[in-house]
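Observations on the model geometry
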Amino acid sequence: MENFLKRKLSISESDSDDDECENLMSQDQSLADADDLKNDPQLLLKVSISAARYLLKCEIPFHVADESEMPFQSGMFLETIKLIRDTCENVREASLQNPEESNRVETLSMQKDIVTCYAQEILKPILEEIGDDVFNEKLMSVVLRYVTCGIVKERFIGLIHMEETSALFLKSSIESLFAEYGLSLKKVRGVGYDGASNMRNVFRDLKTLIMKENDSVYYVHCFAYQLQLVVVAVAQEHYGSGVLFDKIPIMKDVVGASCSRKNLERESQKEKLHEAIGYKEIEIESESDEDFPIVKVVDVCGGSHYTTLSRLVDLFSYVFDVLEYIEVEGRNNHSRYQAYSLLAYIDSFDFMFYLHLMLNILGIIDPLSQALERKEQDILNTISLVKSTIRQLQKFRVDGFDLLLKEISSFFEKHDMEMLNMEEEYVIRRQKTNITLRQHYEFNCFNIVMDMQIQALHDFFNDASCELLTCISALNLSDSFCDFDTSKLMRLAEMYPYDFTCEERVALKLQLDLYIDNVQHDERFANLNGISDLAKMMVETRKHLTFPLVYRLLKLALVLPVATPTVERCVSAKETVKSYLSNQICDDFVRTCVIPVVEKEALCNVTNEDVINRLQKMETHGEQLW
């Protein structure tokens, strides 16, 4: 541990170009080199504050899983302080002269309070920037999206611990978090989440609860999120299609980790196999006690589910041959048992049915999915594509079953397999059902899966959201504001009754005509990219003061379209903080640690004096710090 920390410190001292590592132990100077700290009465406290800052910036857990089982290591926080003592004579002398003070500023409670102070100092300017303005809220990892000085910002303010999976509990938790920071649900104008979560129904109920108090909240799925993941998540709610998506990852693991060169007689077969199962790169790992090497997966191809299923259909025979080989020649019983189970499944009609069904669904949705993932989107074209996609799914729901059976029959014939007689009786667990196989697969499988997917798309792009985005598109500044439409922008203002009074809407209509004439003849607005640039330019040219109601519309438009990267970064930070090395840290401490870990730039702006001042105001410390 000590060597690790020294290595990290040496990096921070030598690499001045790395903002994340430079001067980690303090902001202005190294504690080890600071002669003027010799008589500082708060030196030991500052050491603890600097140690906490260092761990937060480097995303290092404060504690190990069970320190009693690792006597050589007392945890990351204490090891960091120990290293500072070893390298800084001033700190070592102060610790020897004031052992009680040294122990007090290193306790777990002090660590928690220091991190809490960092979090509060980081949130302070964020909350001041928001003020009474509107914002967009992202759930679970709560990230506020707001506009200040024409600039869109997303800031993490906390995690919500889901003790219950109910909309009432989630709403109560959000209100408690907001109350802690003086925020209000009345100021929320959009709620975003990724759409593939198993909490989808809870979020839908939450929307209803929030809208009872605030009907200016719009519920929009993240456009940056892969629509195909939503489709797969919905498919997994049906048993038959759920089994398909459960088996595919297992198939990749079994084939990728267990097959040897003996099952790949020709190099072309090997390439086709790994193309089929979605691997981008493999390497050969030699085993000294084996006559042949094994194929080891290095990197899994990040392609779409549609691509994966399409390749599996095209190269089915290669996958089947490899599984047959593993069943007999696998390196251990576990891999042989898995291969046996997979063979039984992919040789079944159920597998063929759901494979081709989901391939058709994903094929219909794929153009829309790709359009949503583009960085620059034409909102009107996207909404049109959404409606076309839903119509195509509905058409396939009505006419697609017979076409699907023909595809499956052709597939069986191609691979010399026997197709089921769909007029035979469907039997389940040796019990007769009095329905034919066709009736079972059409009504119990096909229709249900299709209805679930169509409903999911309706939920994903509800009419209110589509209308809202259509109105926002009227702010588009491309081609000299050719999409500018006063009627759409007036409708946008009407959709936010809390933000525009009746008098303001009358004034807005007059202001819009003057605004469009003014910006069209201003060269500074000629080469902007997107409404984010438009909002910044309005502030820079002070037109936001001339056209305040138009600028308000712009801010409402900017807080609505949401993306998941900030939320995903928060979740990742939580997993880093509460890793296998820190599973004894309580949830409150974890949630507090995540704020400075995510908001590193803001952490750099918090001084030791800021932390000390906050600690002094805490009842648990007070005059003890002086």
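Being a predicted model, the structure only gives us computed values, none of them experimental. Every chain is numbered on its own, with residues counted from 1 as its sequence reads. Reporting of local features is limited, given that this is a predicted model, to residues whose pLDDT is at least 70; pairs of side-chain atoms are given and counted only at 80 or more, and all residues count toward the totals for whole chains, interfaces and linings. Side-chain calculation: all heavy atoms of the structure are included, whereas hydrogens and water are not.

1. Observations concerning the overall build of the chain
Where we set the bar: Elements are defined by DSSP. Helices are runs of H or I of four residues or more, strands are runs of E of two residues or more, and each kind is numbered from the N terminus. For the exposure calls, accessible area comes from a 1.4 Å probe over protein chains only, and a residue counts as buried if that area is under 20% of its type's maximum, exposed if over 50%, partly exposed in between. Two residues form a contact once any of their heavy atoms are found within 4.5 Å. Accessible areas in this description were obtained via Shrake-Rupley with a 1.4 Å probe; residue shielding takes into account the shown protein chains only.
Regarding its fold elements, the chain presents 28 helices and nine strands. Evaluated residue by residue, the chain yields a buried proportion of 52% over its 626 residues. Pairs at least 24 apart in sequence give 70% of the contacts found in the chain among residues at least 6 apart. As displayed, the chain offers around 30600 Å² of accessible surface, 47% of which is attributable to carbon and sulfur atoms.

2. Looking at unusual backbone geometry
Of note in this structure, C149 is not a glycine but carries a positive phi near 55°. If you trace the backbone, C149 turns up in the loop between β2 (141-148) and β3 (151-159). Phi at D416 is positive, roughly 55°, even though this residue is not glycine. Examined against the element boundaries, D416 turns out to sit in the loop between α16 (379-414) and β8 (425-428). A relative accessible area of 72% means that D416 is categorised as exposed.

3. Concerning the pairing of β3
The condition that has to hold: A pair of strands is considered paired only if DSSP assigns at least 2 bridges between the two.
In terms of strand pairing, β2 meets β3 through eight bridges, oriented antiparallel. The residue of β3 that forms the bridge with T148 is I151. Linkage of β2 to β3, two consecutive antiparallel strands, is achieved through a turn of two residues, within which C149 is found at a positive phi near 55°.

4. Things to note about the nonpolar core
Selection rule: What makes a nonpolar core is a set of buried Ala, Val, Leu, Ile, Met, Phe, Trp, Tyr and Cys residues whose side-chain atoms join them at distances within 4.5 Å.
Counting 108 residues, the largest nonpolar core has F353, L357 and Y515 as its most contacted members. If you tally residues by element for this core, the top one is helix α15 (residues 349-373), at 14 residues. Sequence-distant contacts of L357, that is, excluding residues within four places in its chain, are made with F396, L404, F446, V449 and M450. Counting 70 residues, the second-largest nonpolar core is a separate cluster that includes I114, V188, V217 and M618.

5. A closer look at the packing of aromatic side chains
Cut-off, in case you're wondering: Pairing of aromatic rings covers Phe, Tyr and Trp, the last through its six-membered ring, and needs centres within 6.5 Å; plane angles under 30 degrees mean stacked, over 60 mean edge-to-face, and all others mean tilted.
By the definition in use, this model includes 15 aromatic pairs. Here the aromatic rings of F349 and Y441 are separated by 4.9 Å at their centres, their planes lie at 70°, and the arrangement is edge-to-face. Taken together, the residues F349 in helix α15 and Y441 in helix α17 (residues 437-460) connect sequence positions 92 residues apart. Each ring, one from F481 and one from Y515, has its centre 6.5 Å from the other, and the planes form 85°; the classification is edge-to-face. Residue F481 is located in helix α19 (residues 478-481), and its partner Y515 is located in helix α21 (residues 502-520); the two are separated by 34 residues in the primary sequence. Chaining the aromatic ring pairs together yields one cluster made of F349, F353, Y354, F396, F401, F412, Y441 and F446.

6. Notes on the pattern of salt bridges
Our working rule: Whenever Lys or Arg places a side-chain nitrogen within 4 Å of a carboxyl oxygen from Asp or Glu, that contact is recorded as a salt bridge.
All told, the structure shown has 20 salt bridges when counted by the stated rule. Note that R104 is salt-bridged to E101, the shortest N-O span being 3.1 Å. Residue R104 and its partner E101 are both found in helix α5 (residues 99-104); the two are separated by three residues, about one turn of the helix. By relative accessible area, E101 is classed as partly exposed at 23%. With its nearest N and O atoms 3.4 Å apart, the salt bridge here joins K543 to D522. A residue pair is termed long-range when its members are at least 10 positions apart, and K543 in helix α23 (residues 543-546) and D522 in the loop between α21 and α22 (530-540) qualify at 21 residues. Each of the two residues, K543 as well as D522, counts as buried. One salt-bridge network, held together by shared partners, links K171, E175 and E213.

7. Describing the environment of A526
Counting through the fold element by element, A526 comes out in the loop between α21 and α22. Separated by 49 residues in the primary sequence, A526 and L477 have C-alpha atoms spaced 8.5 Å apart.

Keep in mind these numbers describe shape, not what the thing actually does.
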